[in-house]
Amino acid sequence: MAFASTGRSVAVRTIRCGTLFDGTGAPPLRDAVVVITDGRITSVEPAAGGAMAPDTLDLRDRFVMPGLIDCHSHASLVPGQGDQLGQLCRGPVPQALAATRNLRRDLAAGTTTMRLMGEEHFVDVELRDAIDAGVIPGPRLLVAGRGLAADNGHGRALTSYDGVDEVRRGARENLRRGANHVKIFVTGGVSSPGPMPTGSAYTREEIRAAVEEADRVGAYAAAHAHGGPGLQLAVSEGVRTIEHGALSTDEDIALMIERRVWLICTFAIFMHPTGIEQGDGHRSAIMDKVRQARRVVAESFPRHLGSGVRFACGTDSMHGLMPFELQTLVRFGVSPADALLAGTRWGAEACRIDDQVGTIQPGKRADVIAVDGDPLKDMAALERVTLVMKDGVVYDGAHGRPAGGAREDQR
Ligand SMILES: [Zn+2]
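No experiment lies behind these values; they were computed from the predicted model shown.

Criteria and cut-off values
Residues numbered from 1 in each chain as written. Predicted model: local features only at pLDDT ≥ 70, side-chain atom pairs only at ≥ 80, totals over all residues. Heavy atoms only, no water. Pairing = 2+ DSSP bridges. Helix = DSSP H or I, 4+ residues; strand = E, 2+ residues; numbered from the N terminus. Axes fitted to C-alpha atoms, helices over the stretch in contact; angles between N-to-C directions. 1 Å grid on protein atoms, 1.4 Å probe; cavity = no way out; pocket = protein on both sides within 12 Å on 5 of 7 lines; lining within 4 Å. Points joined across faces, edges and corners; volume = space filled by probe spheres on them. Nonpolar A, V, L, I, M, F, W, Y, C, P; charged D, E, K, R; others polar. Core = buried A, V, L, I, M, F, W, Y, C linked by side-chain atoms within 4.5 Å. Buried < 20%, exposed > 50% of the residue type's maximum accessible area, 1.4 Å probe, protein only. Contact = heavy atoms within 4.5 Å.

(A) Molecular detail of the sheet that holds strand β13 (residues 368–371). Strand order in the open sheet formed by seven strands is β3-β2-β1-β4-β13-β14-β15, and the pairing between neighbours is mixed. Edge positions in the sheet fall to β3 (40–46) and β15 (393–395), since each of these pairs with one other strand and no more. Taking the axes of each pair of neighbouring strands and ignoring which way they run, one obtains an average angle of 40° across the sheet. Pairing between strand β2 (residues 29–37) and β3: six bridges, direction antiparallel. By the bridge assignment for β3, V33 is matched with E45.

Given below as structure tokens:
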């Protein structure tokens, strides 16, 4: 998948790295030099001696790794403010303004690519294009347009799509407006009241229609599904990624392994105190579901994550909290190196952009972050991202602005 060019002509830039975790699975390299030309990585080598070329970015006291890939978010939402569907139903201007703030926060925390999983008014398409054009700072976005939801299903905001023909029309409209993938809400969710249904809001034929429409144009479908019959229906009809999967059974996971479907873990939204707990936690019907999800996930995910299922992470609108996602993976028994891969290369593979990003290798886009500390020893270090580079441009961590302003673009 190609991203729109930023049109910047950035010349050669050299980074000297204290420790380089390149995301390929190779052991970290001490004292490495990364060369970037016109926003792309052109070489990665061990440093030859102590001297540094002029204008080298000196990160000799930093842990350098690929930019983080958040595989599931919503730019305009803040779960801690409560009533997420109400937030989605606001007009396009409040949505865009909230998103501008949220995306700056994501970028500053090290997320250089983010996959959005449903917004109203096609603000996600506008945001993606505005970021690519340099109008606002933010991660590179992959967008869904409107999430396809059944009239009585979870995730229904301003519109619903019912019946095979409406699902096709919804998918086609999203794709015409510029969506990168199709999002379909299959099962119930944690953030709305009622039982945690694992049945499907959609029929097999409706899900198949969404998958077909995406596949036909070289995109793919992603399904919101927590587990059970709904999840299995979505997997058997060919979705590429299962979003959340909090109530997945061993049988669900086995089917995902067999069909090579990705599990996109989203822990922060129901586990972090500033997530649903802060937003809608005062409603006992919702807080009970949050507690249930926490219990089930703590019991089953250590097993699921070690099962061989392919997984990556998303914050689900918990802006800036990718480090929490990776810390949770480690708490559930994933090795720190695999947790970093889940936040980088595996995310790129899940989103089918691993030819562009996810590793620090020649040919890839220069999406690089520097961390104060060693996340392989203590994943909390990932909360201390001190430098963010996207497409070879360094962003000011506090403001999400290109560091040095226009001068940076001319280098
Ligand atoms: Zn979501």
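Read on for the rest.
(B) Examining empty space enclosed by the protein more closely. Evaluated as defined, the whole model comprises three cavities of 30 Å³ or more. What the largest cavity holds in volume is close to 70 Å³. Lining of the largest cavity is provided by H74, L88, G118, E119, E120, G147, G155, A157, T159 and F185. Taken together, the residues of the lining of the largest cavity break down into three nonpolar, five polar and two charged.

(C) Examining the nonpolar core more closely. Of all hydrophobic cores here, the largest spans 91 residues; its most connected members are I242 and L329. For this core, the element with the highest residue contribution is helix α10 (residues 284–305), accounting for seven residues. With near-sequence residues (within four places) excluded, I242 lies in contact with A223, A225, L231, A234, V235, M256, V261, W262, L263 and I264. Within the second largest apolar cluster, 17 residues are counted, among which are A32, L59, A370 and L387.

(D) The arrangement of the pairing of strand β5 (residues 68–73) in detail. Of all six residues that make up β5, six are buried, and the element is covered over most of its length. Bridge count for β5 against strand β6 (residues 111–116) is four bridges, and the pairing is parallel. Bridge pairing links L68 to T111 in β6.

(E) Focus on the pairing of strand β9 (residues 221–225). Extensive coverage of β9 is indicated by the burial of five of its five residues. Of the two faces of β9, the one lined by A221, A223 and A225 and the one lined by A222 and H224 are each fully buried. Direction of pairing for strand β8 (residues 182–185) relative to β9: parallel, over a ladder of four bridges. What sits directly across from K183, in β9, is A222.

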